[in-house]
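What the coordinates show
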Amino acid sequence: AQKITQTQPGMFVQEKEAVTLDCTYDTSDPSYGLFWYKQPSSGEMIFLIYQGSYDQQNATEGRYSLNFQKARKSANLVISASQLGDSAMYFCAMREGPFAQAGTALIFGKGTTLSVSS
Amino acid sequence: DTEVTQTPKHLVMGMTNKKSLKCEQHMGHRAMYWYKQKAKKPPELMFVYSYEKLSINESVPSRFSPECPNSSLLNLHLHALQPEDSALYLCASSQDRDRTGYTFGSGTRLTVV
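Remember, predicted model here, so these are calculated numbers, not experimental data.

The next point concerns the sheet that holds strand β8 (residues 73–79) of chain B. Residue and element names in this part refer to chain B. Taken in spatial order, the 4 strands make up an open sheet running β1-β3-β8-β7, and their pairing is antiparallel. In the strand order of this sheet, the two ends are held by β1 (4–7) and β7 (64–70), each with one partner. For this sheet, the mean angle separating the axes of adjacent strands, direction not counted, is 20°.

This is how it looks when you write it as structure tokens:
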């Protein structure tokens, strides 16, 4: 069974609009971390935002916010005021366990391609 | 230094060649990872090194051979690859007891001809 599910292969949005990228996850570990990464065509994996399973508040980083609904096991990324430079592939990823301990690898979803137009 | 450096950035090799990919970090991270990523697909975990010991091998074919000579360096030795092995190879590192501390390199784009 997939641990991270991203159901939107592609999303299209106009500049200055907000967009939500969906992510659901599956784990039986009570302690875990959820990550969002942006990958432009150059290939580098750019860290955007992190949410821990015990964090009381939803994470925010500038124009990025994470809509964390623990009971639904969802961690959607919200990008406010989209920019042309936001066009890229976006991956949701999970770490099971409280820390990146003893080599706990990130598990990635299939990704969503975001296209921002003017 | 907060980076993971991967070399080379691009590599074209024949199916009979032997080559190596290199990954280096000086952040004191004690876990290092190799991922393989095909176009428009997510990264797939290949190997994990923890404290310089191989802890995870995700059933990777033996034509890929990882090596961790020291805590800062991770190599991926390639031999007798197939064209389907062409992909972006990403290295990452992480620190114990750090919730968010995964750092990725910019990758090596490998083409097997």
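Okay, the state of the cysteines next. Residues and elements named next belong to chain B. Under the defined criterion, the tally for this structure stands at 2 disulfides over all chains. What pairs with C23 in a disulfide is C91, and their sulfur atoms sit 1.8 Å apart. With the S-S bond torsion at -70°, the cross-link from C23 to C91 turns out left-handed. With a gap of 68 residues between them, C23 in strand β3 (residues 18–25) and C91 in strand β9 (residues 87–94) connect regions that are remote in the sequence. Here C23 matches C91 in class, with each residue buried.

Looking now at the interface of chain B and chain A. Contacts between the two partners involve 25 residues from chain B and, on the opposite side, 26 residues from chain A. Here chain B and chain A share 0 salt bridges between them. Here chain B is connected to chain A by 6 residue pairs in polar contact (both at pLDDT 80 or more). Among the elements of the structure, β4 (31–37), β5 (44–50), β9 and β10 (102–104) of chain B are those that each provide at least two residues to the side of chain B that touches chain A. For the side of chain B that touches chain A, the element with the highest residue contribution is β4 of chain B, accounting for 4 residues. Residues that form the side of chain B that touches chain A fall into these classes: 12 nonpolar, 6 polar and 7 charged.

Reading the values: the criteria
Residues numbered from 1 in each chain as written. Chains lettered and ligands numbered in written order. Predicted model: local features only at pLDDT ≥ 70, side-chain atom pairs only at ≥ 80, totals over all residues. Heavy atoms only, no water. Pairing = 2+ DSSP bridges. Helix = DSSP H or I, 4+ residues; strand = E, 2+ residues; numbered from the N terminus. Axes fitted to C-alpha atoms, helices over the stretch in contact; angles between N-to-C directions. Disulfide = S-S within 2.5 Å. Buried < 20%, exposed > 50% of the residue type's maximum accessible area, 1.4 Å probe, protein only. Contact = heavy atoms within 4.5 Å. Salt bridge = Lys/Arg side-chain N within 4 Å of Asp/Glu carboxyl O. Polar contact = N/O pair within 3.5 Å; in protein donor to acceptor, adjacent residues only side chain to side chain. Nonpolar A, V, L, I, M, F, W, Y, C, P; charged D, E, K, R; others polar.

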